[in-house]
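# Summary of the model geometry
This is what each chain is made of:
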Amino acid sequence: MKKRLTYLEAIRKYCIWCVGGQIYKLDELCIGEECPLYPFRHKRDTLKGTNREVEIVVCGEKIKRKHYTPLKAIRQKCLDCSSGDKAEVRNCICYEGNPEGVEPCPLWIYRMGKNPFIKRKKKGEKNGIREN
Ligand code: SF4
Ligand code: SF4
């Protein structure tokens, strides 16, 4: 079975693709802080211990974000990729084994800015068990 990428690994893989596989030139070829993925490009959370405020460019617009995390970064990158169209992000077909034969995107599974592998408790549930 193929190993599932963590969100930091997914970002790293995307970044390597972004620089044409030239992993050792990543910082040289990277556009820099304005890319939503920039703080996490080396598979590390470089915002740890900071106030997590960033200024990024999404769809050509400079925006400020607070409480910035890798999952939020992926969301912003996907919005940037889809011209800000949330539906387009949701319906992105770049998943593994898509019928169109499009190259899969490493960010796909996290494109909604959430970790789909974490089960969230619904309202009225305790430890994942619904209380009547
Ligand atoms: S941070 Fe952005 S611009 Fe830089 S390598 Fe990654 S995807 Fe490319
Ligand atoms: S998952 Fe889809 S929307 Fe997100 S960056 Fe990849 S191709 Fe673009």
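Each chain has its residues counted from 1, following the order in which its sequence is written. Each chain is given a letter, starting from A, and each ligand a number, starting from 1, according to the order in which they appear as written. The predicted origin of the model limits local features to residues at a pLDDT of at least 70 and limits the giving and counting of side-chain atom pairs to 80 or more, whereas totals for whole chains, interfaces and linings rest on all residues.

## Considerations on the overall build of the protein chain
Secondary structure summary: the protein chain contains four helices and four strands in total. Only DSSP runs of H or I reaching four residues or more are called helices, and only runs of E reaching two or more are called strands; each is numbered from the N terminus. In sequence order, the protein chain lays out its α and β elements as α-α-β-β-α-α-β-β. In terms of overall dimensions, the protein chain has a C-alpha envelope of 55 × 40 × 30 Å along the principal axes. Put simply, of all contacts in the protein chain between residues at least 6 apart along the chain, 43% involve residues at least 24 apart. Working definition of a contact: two residues with C-beta atoms, positioned from the backbone, lying within 7 Å.

## Description of helix α3 (residues 70-81)
In a regular helix each residue adds 1.5 Å, so 12 residues correspond to 16 Å; α3 covers 16 Å between its end C-alpha atoms and thus fits that length. Structurally, α3 contributes buried residues whose contacts are with α1 (7-18), β1 (54-58) and α4 (86-90). Phi turns positive, to about 55°, at Ser83, one or two residues after α3. Every helix has an expected span of 1.5 Å times one less than the residues it contains.

## What to know about the site of ligand 2
A molecule or strand has a residue near it when that residue's C-beta atom, placed from backbone coordinates, lies within 6 Å of it. Neighbouring residues of ligand 2: Lys77, Cys78, Cys81, Ser82, Val89, Cys92, Cys94, Cys105, Leu107, Trp108 and Arg111. For the shell around ligand 2, the leading source of residues is α3, giving three residues.

## Here we look at the site of ligand 1
All residues adjacent to ligand 1 are Tyr14, Cys15, Cys18, Val19, Leu26, Cys30, Ile31, Cys35, Leu37, Tyr38 and Arg41. Looking at the shell around ligand 1, the element that brings in the most residues is α1, giving three residues. Class assignment of the residues belonging to the shell around ligand 1 gives a composition of 10 nonpolar, no polar and one charged. Here the term charged refers only to Asp, Glu, Lys and Arg, the term nonpolar to Ala, Val, Leu, Ile, Met, Phe, Trp, Tyr, Cys and Pro, and the term polar to all other amino acids, Gly among them.

## Brief notes about the pairing of β1
The exposure scheme places C-beta atoms from the backbone and then counts, for each residue, the other C-beta atoms within 10 Å of its own, assigning buried at 20 or more, exposed at 12 or fewer, and partly exposed in between. Burial along β1 is one-sided: Val54, Ile56 and Val58 are buried, and none of Glu55 and Val57, which face the opposite way, are. At least two DSSP bridges between two strands are required for those strands to pair. Bridging between β1 and strand β2 (residues 61-65) involves five bridges; their strand directions are antiparallel. Bridged to Glu55 within β2 is Lys64.

## Examining α1
The end-to-end C-alpha distance of α1 is 16 Å, a good match for the 16 Å that 12 residues give at a rise of 1.5 Å each. Residues of α1 that are buried: Tyr7, Ala10, Ile11, Arg12, Tyr14 and Cys15. Its buried side turned inward, α1 meets α2 (26-29) and α3. A positive phi of about 65° marks Gly20, the residue just after α1.

## Brief notes about the pairing of β2
Of all five residues that make up β2, zero are buried, and the element is exposed over most of its length. Counted along the chain from β1 to the antiparallel partner β2, the turn is two residues long, and its residue Cys59 has a positive phi close to 55°.

## What to know about the environment of His67
With respect to the secondary-structure elements, His67 resides in the loop between β2 and α3. With 40 residues separating them along the chain, His67 and Asp27 place their C-alpha atoms 24 Å apart.

## A short note on the confidence of the model for the protein chain
The predictor reports its confidence for every residue as pLDDT, a score running from 0 up to 100. Averaged over all residues, the pLDDT of the protein chain is 92; the fraction at 70 or higher stands at 90%. Confidence over residues 127-132 falls short of pLDDT 50; this stretch has seven contacts with residues more than four positions distant or in other chains.

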